[in-house]
Amino acid sequence: QILAMTICTMVCALFGLTSPSNRGGMLTTLLMLYVFMGSFAGYASARVYKLFNGKEWKRNTFLTAIFFPGVIGTIFLGINA
């Protein structure tokens, strides 16, 4: 999740979609990509969970995709306030 977010941010900066000189825009892009990549992390964790014969894969997907990025987003908003 973090690696994919970093690569996407670098590609956006490479093509001029976000400017590294505009720090607020870069941080917003990082945060939004991090939260968006949470859905991919949820999918990957559900696949691994089902591989090990887990029974509540839907709950696992939801918690992975929402909980961890949600905590990081709340911390970010708290620091930014």
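Residues numbered from 1 in each chain as written. Predicted model: local features only at pLDDT ≥ 70, side-chain atom pairs only at ≥ 80, totals over all residues. Heavy atoms only, no water.

A count of helices and strands for the chain gives three helices and zero strands. The linear arrangement of helices and strands in the chain, starting from the amino end, is α-α-α. Here the C-alpha atoms of the chain give a radius of gyration of 15 Å, more than 25% beyond the 12 Å that 2.2 N^0.38 yields for 81 residues. Projecting the C-alpha coordinates of the chain onto the three principal axes gives extents of approximately 50 × 30 × 10 Å. With 81 residues in all, the chain has 22% of them scored as buried. Nonlocal contacts in the chain, meaning residues at least 24 apart in sequence, comprise 51% of its contacts between residues at least 6 apart. Only carbon and sulfur atoms are counted for the fraction: they give 73% of the accessible area of the chain, which is about 6100 Å². (Helix = DSSP H or I, 4+ residues; strand = E, 2+ residues; numbered from the N terminus. Rg over C-alpha atoms; globule rule 2.2 N^0.38 Å. Buried < 20%, exposed > 50% of the residue type's maximum accessible area, 1.4 Å probe, protein only. Contact = heavy atoms within 4.5 Å. Areas by Shrake-Rupley, 256 points an atom, 1.4 Å probe, with all protein chains shown as cover.)

All right, on to the packing of helix α1 (residues 2-14) against helix α2 (residues 23-51) then. Relative orientation and spacing of two packed helices are given, respectively, by the angle between their axes and the distance between those axes. It is the contact of α1 with α2, at a shortest axis distance of 9 Å, that shows an interaxial angle of 140°. One element, α1, and the other, α2, form an angle in the oblique class. In the packing of α1 onto α2, the handedness of the crossing is right-handed. Packed against α1, whose contacting residues are Ile 2, Ala 4, Met 5, Cys 8, Thr 9 and Ala 13, the element α2 presents Met 26, Leu 30, Leu 33, Tyr 34 and Met 37 at the interface. Across the contact of α1 with α2, the residue classes tally to ten nonpolar, one polar and no charged. (Axes fitted to C-alpha atoms, helices over the stretch in contact; angles between N-to-C directions. Parallel < 35°, antiparallel > 145°, perpendicular 65-115°, else oblique. Left-handed = near helix turned anticlockwise from the far one by under 90°. Nonpolar A, V, L, I, M, F, W, Y, C, P; charged D, E, K, R; others polar.)

Moving on to the confidence of the model for the chain. Averaged over all residues, the pLDDT of the chain is 82; the fraction at 70 or higher stands at 100%. When pLDDT is averaged over each element of the chain, α1 comes out on top at 84 and helix α3 (residues 57-80) at the bottom at 81. (pLDDT = per-residue confidence, 0-100.)

The interhelical angle for the contact between α2 and α3, taken along N-to-C directions, is 155°, at an axis separation of 8 Å. Considered as vectors, α2 and α3 are oriented roughly antiparallel to each other. Viewed along their axes, α2 and α3 form a crossing whose handedness is right-handed. Packed against α2, whose contacting residues are Leu 31, Tyr 34, Val 35, Gly 38, Ser 39, Ala 41, Gly 42, Tyr 43, Ser 45, Ala 46, Tyr 49 and Lys 50, the element α3 presents Trp 57, Asn 60, Thr 61, Thr 64, Ala 65, Phe 68, Pro 69, Ile 72, Gly 73 and Phe 76 at the interface. Residues of the contact of α2 with α3, tallied by class, amount to 13 nonpolar, eight polar and one charged.

A surface patch of nonpolar side chains, amounting to about 890 Å² of accessible area, comprises Phe 62, Leu 63, Ile 66, Phe 67, Phe 68, Val 71, Ile 72, Ile 75 and Ile 79. Relative to the helices and strands, Phe 62 is located in helix α3. (Patch = residues over 30% accessible without salt bridge, like charges linked within 9 Å, V, L, I, M, F, W, Y side chains within 5 Å. Salt bridge = Lys/Arg side-chain N within 4 Å of Asp/Glu carboxyl O.)

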